[in-house]
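Examining the three-dimensional arrangement
Each chain, letter by letter, is given below.
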Amino acid sequence: MENYELFDKNTTAFIYGSQQKAAQRMLDFDYLCKREIPSVAGFITPTGSGYFKLFWGTKEISIPRYLSVKEAIAAKPKADVMVNFASERSCAESTIEALETDNIRTIVMIAEGVPQRDVREIAKIAKDKGKWIIGPATVGGLKPGCFKIGNAAGTIQNIRDTKLYRPGSVGFVSVSGGLSNEGYNIVSRNTDGIYEGYAVGGDVYPATTLLDHLLRYEQNPKIKMMVALGEVGGKAEYQIVQAIKEKKITKPLVMWVTGTCADMLPGGVQFGHAGAKADSKDDTAKAKNAALRAAGVIVPDSFEDYDQKIKETYDKLKAAGKIDEIVEPTPPNVPMDYAQAVAEGFVRKPTNFISTICDETGEIHNYCGVPIDQVIKENYGIGGVLGLLWFKKKLPQYARDFIELVIQIVADHGPAVSGAHNTIVTARAGKNLIESIVSGIVTIGPRFGGAVNGAANHFSWGLQNKLAPREFIDTMKKKNVRIQGIGHRIHSIDNPDERCEIMMNFAKEHFPKHPLLDYALSVQDVTTMKKGTLILNVDGTIGVLFVDLLKSLHYNDEEIKEMIDMGFFNAFFIIGRTMGFMGHYFDQKRLKTPLYRHPWDDILYDVPDKPEEVK
Ligand code: ACO
Ligand code: LMR
C-alpha cells in the first residue's frame, strides 16, 4: 500500500469500545464490497474479554474482545487501524497507547470534547511517526470497496444508492460528518463516485486537516478531482489557499465553505461544532470562499450550485479522457436485520413458545393480565398470585385463604421425613442450595407428600362411580392399589393430625360444599376400623379439599380430571414444603454440620458368607 493510502481491501481494525452496531455496519459494508475478510479484527474492551457475535452476510461470526491494546495487537498483529470509540475522558490516553505501537498506523477518534492540548500532542506524535489520525469529533469516513470507519456514510441503503461499494475518481473531505453523507450523495450523482472520503471533525484543531487529506489525494493517481466542504470558523481553508499558491495542489478542487448565513446573525455565533465560530472577519465563510476562489479553487455561488460545479468539473475531465471507465460490479444483497424486517412488515415467523399466564413484554409485566403493581395494590397475596398463575383466575378470598393455609401447614414437618432428611444429608455433603433442595424435592411422590394428586384421583373416582366406602376399599384392594391419601406412620385415629383438622374446619366453615371430603371421611371410618393409622392423611385431606374447592369454583368433572392428569394437586405440597427444605439447608449451613455418615448400628448387615455360585 502506498504511503498516501490509508486503507486497502485487506485492512483490518480494532474497535475500541463495545460498539457492536458500528462494527456491524463495517461488516455489512465489507460484505457489500465483496471483501474476502471482515475488516473488524477485534474489540478492545477493558471491561471484559470473550467475544461479540456479529453477522457476516447471513452467517454469524464471533469477533474476539481484548482487554487492552497490547493484548489485541499480540493476538492480531496485522491489524493497523484503531477506531476509537472511547469517551472524551479516555480517548487521548488509548489513542497515544495505540500510536506508540509499531502496528497501528491509523487511528480514528470519534469522541467529541477531547482536550485540545491532548489532540495537539497526539497530532505531533502521529506526524513524527508518519501515522494518521482522523478526528476527534468525527464520524470517520471510508474508502469505497476497501474499508469503512464505524457509522460513516449512514445506512446500507444509502451506501448502495451512492455506490460506495466501489471506488470512483473523486477524493472528498469535509469538516462535518453529517455533511459528508450529503457530500457522498452529491458526488455520486454528479461524477463516477468517491475514491476516498473523510470528515476531519468539527473541533477547533482537528488532528489532521482538510489540507492533509487533499495533499494525500493530490499524490494519488487514481484520484482525478477533489471535492471539499469547509466550515465557518478557523483558518484551515487558508492553508489550502497557500498550498495551491505553492503548487502543492494542482488537481481540480471544487469547494464550498458552509456557514455563509452567519453574516446575517449577530457576530460570534457558535454553530454546532466547537470550531464553527468566526472570531475574526477572515474566519467567516464568505471571506474563506472568496480567498479560495481567488486562488483558483472552483467555488460555487452558493451551496445550491455546488453539485453543478462538481458535475461540470467531472464532465470536463471525462471529455479530456482523464477518467477511466468503471466496470460496474453487482453488489450482493446485505441481509436486513430481523427486527428491522419485522418493523417494516417484510417478514413474519411462527413462534416456538406460547405463554398464557404471564406477559413480560410491556412496561410492567403482568400475571394473567394483572400488572404486578396492581397485584400488590389489591393485596392478591400468595393465594391470589397462585390463582392467577396456576388457575388463571381471580380467585375469591376464601379460595386464596385456603391456598395460603395449605402452604403454611405443609411448610415443614421436621428433619425426620424423607424430603427434609435428604436435603440435610445433601447439604452436609457440601452441596449448594439448589442441589440440596432438589434432592429433597425428588422424594416427593406416591409415598411421601406426593399422594395429593393420587388422593384427588382415587376419591373422585369412588364418588363419581357411586361406590359405597367399603365397596371402594374392596375394589382398590382387589386391584392391589393403596388408596392414596390414607395412612400415616405416626398419626392415627387416636393421635389425629392437627393439620388435617385445621384444613377440614376451614372448608366446613368457608366452602359452599365439600362432598368429596365427606366421602373420604366415610372411607376413613372403615379403614381405621382395620388399623388406627389408616386415617385420611395430610395429602389426602389436601387432595379431596382441592377437588371440593374446584367444584365450588365451578370447574366441571372433565376439567378436574385434566388437572389431576397433569399432576396439579401435588403442586400445593411441593411449593409449601420447599420452604421447609430451604430452612433445613440454611440451618445445616449455619451450624456448619459435617458430612453425614449413617451409623453402623442402625444398619442391618445381613451379608452371606459367600455368594451363591452360578454355574
Ligand atoms: N390403602 C390401603 N391400605 C393401606 C394403605 C392405604 N393407603 N396404607 C397402608 N395400608 C395397609 C397396608 O396394606 C398394610 O396392610 P396389612 O397389614 O394388611 O399388610 C397396613 O395398612 C400397614 O401398612 P404399612 O405399609 O406398614 O403402613 P405404613 O405406616 O408403613 O405406611 C404410608 C404409611 C406409606 C403413608 C402408607 O399408608 C401409604 O402408602 N399410604 C398411601 C400414600 C400416602 O397417602 N402417602 C402420604 C402420606 S402423608 C405425607 O407424606 C405428607
Ligand atoms: C409430612 O408432612 O411430611 C408428614 O406427614 C410425613 C410423615 O411421615 O410424618
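Everything that follows concerns the structure shown earlier in this document.
Residues numbered from 1 in each chain as written. Chains lettered and ligands numbered in written order. Predicted model: local features only at pLDDT ≥ 70, side-chain atom pairs only at ≥ 80, totals over all residues. Heavy atoms only, no water.

**Some points on the overall build of the chain**
- Counting its regular elements, the chain contains 23 helices and 16 strands.
- For 615 residues, the compact-globule estimate of 2.2 N^0.38 gives 25 Å, and the C-alpha radius of gyration of the chain, at 40 Å, exceeds that figure by more than 25%.
- For the C-alpha atoms alone, the extent of the chain along its principal axes is close to 120 × 60 × 55 Å.
- Taking all contacts inside the chain whose residues are at least 6 apart in sequence as the whole, residues at least 24 apart take part in 71%.
- Total accessible area computed for the chain in this model is approximately 31700 Å², and 54% of it derives from carbon and sulfur atoms.
- Charge-centre separation for the chain: the mean point of 74 positive side chains lies 3 Å from the mean point of 75 negative side chains. (Helix = DSSP H or I, 4+ residues; strand = E, 2+ residues; numbered from the N terminus. Rg over C-alpha atoms; globule rule 2.2 N^0.38 Å. Contact = heavy atoms within 4.5 Å. Areas by Shrake-Rupley, 256 points an atom, 1.4 Å probe, with all protein chains shown as cover. Lys, Arg positive; Asp, Glu negative; His and termini not counted. Charge placed at Lys NZ, Arg CZ, Asp CG, Glu CD.)

**A closer look at the pattern of salt bridges**
- Scanning all chains against the criterion turns up 16 salt bridges.
- K163 is the salt-bridge partner of E328, the closest N and O atoms lying 3.8 Å from each other. Here E328, found in the loop between α10 (306–319) and α11 (338–343), pairs with K163, found in the loop between α5 (156–161) and β10 (170–174); they are 165 residues apart in sequence, far enough to count as distant.
- Overall, E328 belongs to the partly exposed group, its relative accessible area being 40%.
- Where K235 meets D283, a salt bridge forms, and the shortest distance between an N and an O atom there is 2.5 Å. Highlighted residues: K235 in the loop between β12 (225–231) and α8 (236–245) and D283 in the loop between β13 (253–258) and α9 (285–295), separated in sequence by 48 residues. (Salt bridge = Lys/Arg side-chain N within 4 Å of Asp/Glu carboxyl O. Buried < 20%, exposed > 50% of the residue type's maximum accessible area, 1.4 Å probe, protein only.)

**Notes on the site of ligand 2**
- As a structural note, the neighbourhood of ligand 2 is formed by H413, V417, F448, H488, R499 and R577.
- Here an oxygen atom of ligand 2 sits 2.8 Å away from a polar atom, N or O, in the side chain of R499.
- Isolated, ligand 2 exposes 270 Å² of accessible area, and the fraction of that covered by the protein chains is 84%.
- Cavity membership is defined here by more than half of the atoms lying within 2 Å of grid points; on that basis ligand 2 lies in the largest pocket. (Near = heavy atom within 4 Å. Polar contact = N/O pair within 3.5 Å; in protein donor to acceptor, adjacent residues only side chain to side chain. 1 Å grid on protein atoms, 1.4 Å probe; cavity = no way out; pocket = protein on both sides within 12 Å on 5 of 7 lines; lining within 4 Å. Sits in = over half its atoms within 2 Å of the grid points.)

**Observations regarding the sheet that holds strand β8 (residues 141–143)**
- Judged by pairing direction, the sheet is mixed, and its six strands sit side by side in the order β9-β8-β11-β10-β12-β13 without closing on themselves. Both edges of this open sheet fall to β9 (147–148) and β13, since each of them pairs with a single strand only.
- Bridge count between β10 and β12: five bridges; the pairing is parallel. Opposite F172, over in β12, you have V227 as the bridge partner.
- Contacts from helix α7 (residues 210–219) reach β10, β11 (194–199), β12 and β13, with the element oriented near 175° to β10.
- Along the sheet, α10 contacts β10, β12 and β13; its crossing angle with β12, the most-contacted strand, is approximately 160°. (Pairing = 2+ DSSP bridges. Axes fitted to C-alpha atoms, helices over the stretch in contact; angles between N-to-C directions.)

**Side note on the layout of surface pockets**
- The calculated volume of the largest pocket comes to roughly 1500 Å³.
- Forming the walls of the largest pocket are 39 residues, and the residues nearest its centre are R482, I486, G487, H488 and L534.
- Ranked by residues supplied to the lining of the largest pocket, first place goes to helix α18 (residues 469–478) with five residues.
- Residue classes in the lining of the largest pocket are distributed as 16 nonpolar, twelve polar and eleven charged.
- By volume, the second largest pocket is sized at about 670 Å³.
- As for the second largest pocket, its lining consists of 22 residues, and the residues nearest its centre are D28, I156, P335, D337 and Q340.
- When residues of the lining of the second largest pocket are traced back to their parent elements, those giving at least two are α1 (20–32), β3 (50–56) and α5.
- Residues of the lining of the second largest pocket, tallied by class, amount to seven nonpolar, seven polar and eight charged. (Points joined across faces, edges and corners; volume = space filled by probe spheres on them. Nonpolar A, V, L, I, M, F, W, Y, C, P; charged D, E, K, R; others polar.)

**Things to note about helix α20 (residues 515–530)**
- An ideal rise of 1.5 Å per residue puts 22 Å on 16 residues; α20 measures up with 24 Å between its terminal C-alpha atoms.
- Those residues of α20 not exposed but buried are L516, L517, Y519, A520, L521, V523, Q524, V526, T527 and T528.
- Residues of α20 that are buried in the fold lie against α17 (452–464), α18, α19 (498–510) and α21 (538–552). (Expected span 1.5 Å × (residues − 1).)

**Things to note about the packing of aromatic side chains**
- Across all of its chains, the model carries 24 aromatic pairs by this definition.
- Ring geometry for F43 against F52: centres 4.8 Å apart, planes inclined by 90°, an arrangement best described as edge-to-face. For the pair formed by F43 and F52, the shared burial category is buried.
- Here the aromatic rings of W390 and F568 are separated by 6.3 Å at their centres, their planes lie at 80°, and the arrangement is edge-to-face. Of this pair, W390 sits in helix α13 (residues 381–391) while F568 sits in the loop between α22 (557–565) and α23 (570–591), placing them 178 residues apart in sequence.
- Following the ring pairs from residue to residue traces out a cluster consisting of W390, F391, Y398, F402, F506, F511, F546, F568, F569 and F572.
- Across from the ring centre of Y380, 4.6 Å away, lies the NZ or CZ of R400, which sits over that ring. (Phe/Tyr/Trp six-rings, centres within 6.5 Å; stacked < 30°, edge-to-face > 60°. Lys NZ or Arg CZ within 6 Å of the ring centre and 35° of its normal.)

**Structural notes on the site of ligand 1**
- For ligand 1, the set of nearby residues contains 20 residues, the closest of which are R482, I483, I486, R489 and N537.
- The backbone of G449 places a nitrogen or oxygen atom 2.9 Å from an oxygen atom of ligand 1.
- Taking K530, its side chain carries an N or O atom lying 2.9 Å from an oxygen atom of ligand 1.
- Notes on ligand 1: free accessible area 920 Å², of which the protein chains cover 71%.
- Counting atoms within 2 Å of the grid points, the majority share of ligand 1 lands in the largest pocket.
- A class-by-class count of the residues in the shell around ligand 1 yields eight nonpolar, six polar and six charged.

**Section: the packing of α20 against α21**
- Packing of α20 against α21 leaves a shortest axis separation of 7 Å and a crossing angle of 150°. One finds that α20 runs roughly antiparallel with respect to α21. On α21, the residues touching P515, L516, L517 and A520 of α20 are V544, L545, V547 and D548.
- Here the residues of the contact of α20 with α21 sort into seven nonpolar, no polar and one charged. (Parallel < 35°, antiparallel > 145°, perpendicular 65-115°, else oblique.)

**Re the side chain of K224**
- Relative to the helices and strands, K224 resides in the loop between α7 and β12.
- It is D324 that comes nearest to the buried, bridge-free K224 among opposite-charge side chains, at 4.2 Å.
- K224 has contacts with S169, K251, P252, L317, K322, I323 and D324, leaving out every residue within four places of it along the chain.

**Side note on the pairing of β3**
- Strand direction decides the pairing type here: β3 and strand β4 (residues 59–66), joined by seven bridges, are antiparallel. If you follow F55 over to β4, its bridge partner there is E60.
- Where β3 hands over to β4, the hairpin turn is made up of two residues, of which G57 adopts a positive phi near 65°.

**Here we look at the nonpolar core**
- With 77 residues, the main nonpolar core has V83, V227, I240, L253 and Y306 as its most contacted residues.
- It is α1 that provides the largest number of residues to this core, a total of six residues.
- In contact with Y306, not counting residues within four places along its chain, are F172, I186, V227, A228, L229, V254, M255, W256 and P300.
- C500, V523, L553 and F569 belong to the second-largest nonpolar core, a separate cluster that totals 59 residues. (Core = buried A, V, L, I, M, F, W, Y, C linked by side-chain atoms within 4.5 Å.)

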